[in-house]
Amino acid sequence: MNLILMGPPGAGKGTQARRIAERYEIPQLSTGDMLRAAVKAGTDVGRQAKAAMESGGLVTDEIVVGIIADRIGEADCARGFILDGFPRTVAQAEALDAMLAARRLKIDHVIDITADTEALVSRITGRSTCSQCGEGYHATHKKPAAAGLCDKCGGTLTTRADDNEETVRNRLAVYHQQTAPVIDHYRNGGQFRTVDGMQQMDTVFAQLCEILG
Ligand code: ADP
Ligand code: ADP
Ligand code: ZN
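Predicted, not measured: the structure shown is a model, and the values here were computed from it. (Residues numbered from 1 in each chain as written. Chains lettered and ligands numbered in written order. Predicted model: local features only at pLDDT ≥ 70, side-chain atom pairs only at ≥ 80, totals over all residues. Heavy atoms only, no water.)

Caption draft 1: Fine view of the nonpolar core. Counting residues in each nonpolar core, the largest one holds 29 residues, and the members touching the most others are Ile4, Leu35, Val59, Phe81, Leu83, Leu96 and Tyr186. The dominant element in this core, judged by the number of residues it contributes, is helix 4 (residues 61-72), at six residues. Setting aside anything within four residues of it in sequence, one finds Val59 in contact with Leu35, Ala49, Ala52, Met53 and Val64. (Core = buried A, V, L, I, M, F, W, Y, C linked by side-chain atoms within 4.5 Å. Buried < 20%, exposed > 50% of the residue type's maximum accessible area, 1.4 Å probe, protein only. Helix = DSSP H or I, 4+ residues; strand = E, 2+ residues; numbered from the N terminus. Contact = heavy atoms within 4.5 Å.)

Caption draft 2: Looking closely at the packing of helix 5 (residues 90-102) against helix 7 (residues 165-187). It is the contact of helix 5 with helix 7, at a shortest axis distance of 8 Å, that shows an interaxial angle of 40°. In terms of their interaxial angle, helix 5 and helix 7 are classed as oblique. Taking contact as the criterion, the partners of Val90, Ala93, Glu94, Leu96 and Asp97 in helix 5 are, on helix 7, Gln178, Pro181, Val182, His185 and Tyr186. Grouping the constituent residues of the contact of helix 5 with helix 7 by class yields six nonpolar, two polar and two charged. (Axes fitted to C-alpha atoms, helices over the stretch in contact; angles between N-to-C directions. Parallel < 35°, antiparallel > 145°, perpendicular 65-115°, else oblique. Nonpolar A, V, L, I, M, F, W, Y, C, P; charged D, E, K, R; others polar.)

Caption draft 3: Expanded view of the site of ligand 1. In the region of ligand 1, 17 residues are neighbours, and Gly10, Thr15, Arg127, Tyr137 and Gln199 sit closest. Separating an oxygen atom of ligand 1 from a backbone N or O atom of Ala11 is a distance of 3.3 Å. Looking at the shell around ligand 1, the elements that each hand over two or more residues are helix 1 (13-24) and strand 6 (136-138). Partitioned by chemical class, the residues of the shell around ligand 1 number five nonpolar, nine polar and three charged. (Near = heavy atom within 4 Å. Polar contact = N/O pair within 3.5 Å; in protein donor to acceptor, adjacent residues only side chain to side chain.)

Caption draft 4: The site of ligand 2, seen in detail. Taken together, the neighbourhood of ligand 2 is formed by 19 residues, with Thr31, Gly57, Arg88, Arg127 and Arg171 sitting nearest. Arg36 places a polar side-chain atom, nitrogen or oxygen, 2.9 Å from an oxygen atom of ligand 2. Gln92 is positioned such that a nitrogen or oxygen atom in its side chain is 3.0 Å from a nitrogen atom of ligand 2. The set of elements that each furnish at least two residues to the shell around ligand 2 consists of helix 2 (31-41) and helix 3 (44-55).

Caption draft 5: Structural detail: the coordination of the zinc ion (ligand 3). Protein-derived ligands of the zinc ion (ligand 3) are Cys130 (SG), Cys133 (SG), Cys150 (SG) and Cys153 (SG), with the metal-ligand distances lying across 2.3 to 2.4 Å. With four donor atoms in place around the zinc ion (ligand 3) and angles of 96 to 115° between them, the coordination shape is tetrahedral. Along the chain, the residues donating to the zinc ion (ligand 3) fall in the pattern C-x2-C-x16-C-x2-C. One end of the pair, Cys130, is in strand 5 (residues 127-130); the other, Cys150, is in the loop between strand 6 and strand 7 (157-158), and 20 residues separate them in sequence. (Donors = N, O, S within 2.8 Å, 3.2 Å for Na, K, Ca; no water. Tetrahedral: all angles 85-135°; square planar, octahedral: opposite > 155°, others 65-115°.)

Caption draft 6: A look at the sheet that holds strand 6. Pairing in this open sheet of three strands is antiparallel, and the strands run 6-5-7 from one edge to the other. Edge positions in the sheet fall to strand 6 and strand 7, since each of these pairs with one other strand and no more. Relative to strand 7, strand 5 runs antiparallel, the two sharing two bridges. Looking at strand 7, one finds that Thr129 is bridged to Thr158. (Pairing = 2+ DSSP bridges.)

Here it is as structure tokens:
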């Protein structure tokens, strides 16, 4: 099963992608996570991506398309994959169509998770992530049992440098300008669905599982 999870920053794509990955045993391909790893490792891609990520703008289509083209060719994607945060421009969606056609693959589901703008801002500014296992937390919606520590593995929770209010507002503006039009690329295909991301995390997950079967 090949799946695209769409939605604005903070909608819950990463949270739900992790759960889907576990339930359906297919990998979560998050371009944001891959780019952050490249920045941390100081690779060429990381050096080229850093400034755009810090300001809340988009990294070039060429870079992210290259990352995804390499990644979907890896062995663990043979049974399927979850795209989280890609495609984010119409050009990326077109490049994805071409790379899937070349591999005789197709997308089975495109699911857009929606949420109100103010909820997105508070979700992102309250977000933290385990530096060890990647589990996501929130200052009010999903508090860890012990402050600053992961419930699952005891790892230290970290916050992203770009999760501040000013950058978030810029990321939301970029989403409306460049990513929202991607929905039209998929809307008329039979595989497009919308899920209300303002519901409880468990409810969102249950609805996603119903769609995915
Ligand atoms: P995205 O990957 O779309 O940017 P995340 O999955 O990282 O979003 O979620 C952003 C923040 O909001 C995280 O702190 C997460 O714990 C929290 N969150 C995710 N889904 C919900 C929900 N349905 N209700 C409340 N908080 C949520
Ligand atoms: P969120 O889901 O909270 O918006 P991500 O982790 O998906 O954050 O992305 C973080 C940053 O990485 C983005 O603001 C952008 O700079 C860059 N990025 C991630 N995916 C893409 C993409 N598909 N195209 C261009 N830039 C991307
Ligand atoms: Zn952890």
